[in-house]
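Working through the structure, step by step
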Amino acid sequence: MADEPPTTPGSADTVRDRLLVVDDEPAILDTVSRFLRFIGYDVRTAATAHEALASARDFLPDLILLDVMLPDGDGFEVMHRLRADGLPHAVVFLTARDTRKDLVRGLTEGGDDYITKPFGLDEVAARISAVLRRTRRPRNADPVLRVADLELDTATYSVRRSGTPVDLSPTEFRLLRYLMLHSGRVIPRAQLLEHIWSYDFNGDDTVVATYISYLRRKIDALGPGLIHTQRGVGYSIREPHR
């Protein structure tokens, strides 16, 4: 890889774009992440599919630079899981695979661009900048999710009900955000377990019930109940019946 800087910075905005760099090769992960921070991005890193899912759900990056071949899965599956979460991250695949078949798969399955190894850092910066220009949401886009009088601000990581602040732990916030992204729908316990805690379906789903009870104590105590249980299935959040 070349170390020369690009001719233009990755982000000229006051609010820095957030990038998640995912690669299982330590040298690549370190070099690319350091470079992207140097040119102005807010960067987090991950070395496995498991770490990538957890980091993306917590960090909410604007773009993921995603290696296709990971030790515990592949980048395509990571992208599909995040898109199922309702998280519209831009994805640039990074891979040693350079066959036309892999290129077509990367783009047709929802990727926004595809970079093959070896690569130059200036190329990575240019591709990222181009994808962000196409996919970046307007800075004035409303970051607030709402259900009845409950508001969750994804920009400030704050929650209010009828104007009253609600103090949530990071896990409680992620769980509430996921429910609100799918408001009106019953989400199975196994799905919540996988998408919030990144466990497989054979995990202990009692943790879901525990955190649902925490949310109810903090949120439903401030007004009509919004969080509902579908016995034997899962949970939902919806406006109270009038």
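Position labels on residues start from 1 in each chain and follow its written sequence. In keeping with the predicted nature of the model, local features appear solely for residues at pLDDT of at least 70, side-chain atom pairs appear and are counted solely at 80 or more, and the whole-chain, interface and lining totals rest on all residues. The basis for every side-chain value is the complete set of non-hydrogen atoms in the structure, without hydrogens or water.

Per an unreviewed UniProt entry, the protein goes by Response regulator transcription factor and derives from Streptomyces plumbiresistens.

1. Comments concerning the overall build of the protein
Summing up its helical and strand segments, the protein has 8 helices and 14 strands in all. Whether a residue is buried, partly exposed or exposed follows from its accessible area with a 1.4 Å probe, protein chains only, as a fraction of its type maximum: under 20%, in between, or over 50%, in that order. The buried share of the protein, taken over its 242 residues, is 45%. By the convention used here, residues are in contact when the closest approach between their heavy atoms is within 4.5 Å. When contacts within the protein are restricted to residue pairs at least 6 apart in sequence, those whose partners lie at least 24 apart make up 60%. Entry remark: accessible area of the protein is about 12,100 Å², with carbon and sulfur atoms responsible for 50%. Every helix listed is a DSSP run of H or I at least four residues long, and every strand listed is a run of E at least two residues long, numbered separately from the N terminus. The Shrake-Rupley method, run with a 1.4 Å probe, gives the accessible areas here. Residue values count only the displayed protein chains as cover.

2. Focus on the sheet that holds strand β1 (residues 18–22)
Across a sheet, paired strands are connected by hydrogen bonds in the backbone, their directions being either parallel or antiparallel. Taken together, the 5 strands give an open sheet; going across it, the order is β2-β1-β3-β6-β7, and neighbouring strands pair in parallel fashion. At either margin of the open sheet sits one strand with a lone partner, and together these are β2 (42–46) and β7 (113–116). Within the sheet, the average angular offset between the axes of one strand and its neighbour, ignoring direction, is 20 degrees. At least two bridges found by DSSP between two strands is the condition for calling them paired. Sheet topology note: the β1/strand β3 (residues 63–67) ladder contains 4 bridges and is parallel. Within β3, the residue paired with V21 across the bridge is L65. In this analysis an axis means a line fitted to C-alpha atoms, helices contributing only their contacting stretch, and an angle means the value between N-to-C directions, from 0 to 180 degrees. Lying on the sheet, helix α2 (residues 49–59) is in contact with β1, β2 and β3; it crosses β2 at an angle near 155 degrees. Against the sheet, helix α5 (residues 121–135) contacts β1, β3, β6 (90–95) and β7, and its axis sits at roughly 175 degrees relative to β7.

3. Topic: the packing of aromatic side chains
Ring geometry is summarised as follows: Phe, Tyr and Trp rings, the Trp one being its six-membered ring, pair when their centres sit within 6.5 Å, and such pairs are stacked at plane angles under 30 degrees, edge-to-face over 60 and tilted between the two. Taken as a whole and judged by the stated rule, the model has 4 aromatic pairs. Note on F93 and Y114: the rings are 6.4 Å apart at their centroids and 55 degrees apart in plane angle, and the pair reads as tilted. Residue F93 is found in strand β6, and its partner Y114 is found in strand β7; the two are separated by 21 residues along the sequence. Look at F93 and you get buried, because its relative accessible area is 0%. Within the aromatic cluster, the residues linked to one another by ring pairs are F76, F93 and Y114.

4. A few points about the pattern of salt bridges
Take a side-chain nitrogen of Lys or Arg and a carboxyl oxygen of Asp or Glu: if they are within 4 Å of each other, that pair is a salt bridge. A full pass over the atoms with the stated rule returns 12 salt bridges. Between D23 and K117 there is a salt bridge; the shortest N-O distance is 3.1 Å. With a gap of 94 residues between them, D23 in the loop between β1 and α1 (26–38) and K117 in the loop between β7 and α5 connect regions that are remote in the sequence. The burial state of D23 is the same as that of K117; both residues are buried. R146 is paired through a salt bridge with E151; the nearest N and O atoms lie 3.3 Å apart. Classification of R146 as partly exposed rests on a relative accessible area of 47%. In this structure E151 comes out as partly exposed when scored by relative accessible area, which is 33%. Each of D23, E25, D67 and K117 takes part in a single network of salt bridges with overlapping partners.

5. What to know about the nonpolar core
Working definition of a nonpolar core: buried Ala, Val, Leu, Ile, Met, Phe, Trp, Tyr and Cys residues. They are joined through side-chain atoms within 4.5 Å. The biggest cluster of nonpolar side chains holds 26 residues, and the ones touching the most others in it are L176 and I237. Of all the secondary structure elements, the ones that give two or more residues to this core are β8 (144–147), β9 (150–153), α6 (170–181), α7 (189–197), α8 (206–219) and β14 (234–237). By residue number, the principal contributor to this core is α6, which donates 6 residues. Counting residues in hydrophobic clusters, the runner-up holds 23 residues, among them L19, Y41, V124 and I128.

6. Describing the environment of L226
By the secondary structure assignment, L226 is in the loop between α8 and β13 (227–230). Judged by its relative accessible area of 0%, L226 falls in the buried class. For L226 and R216, which are 10 residues apart along the polypeptide, the C-alpha to C-alpha distance reads 8.3 Å. Ignoring any residue separated from it by four or fewer positions in sequence, one finds L226 in contact with V147, A148, D149, L150, R161, I219, D220, S236, I237, R238, E239 and P240.

7. Remarks on the packing of α7 against α8
For the pair α7 and α8, the least separation of the axes is 9 Å and the interaxial angle reads 80 degrees. With respect to each other, α7 and α8 are oriented roughly perpendicular. Here R189, L192, L193 and W197 of α7 come into contact with α8, specifically with V207, V208 and Y211. Each residue is assigned to one class: nonpolar for Ala, Val, Leu, Ile, Met, Phe, Trp, Tyr, Cys and Pro, charged for Asp, Glu, Lys and Arg, and polar for all the others, Gly among them. In terms of residue class, the contact of α7 with α8 is built from 6 nonpolar, no polar and 1 charged. Any angle that falls under 35 degrees is termed roughly parallel, while one over 145 is termed roughly antiparallel, one within 65 to 115 roughly perpendicular, and all others oblique.

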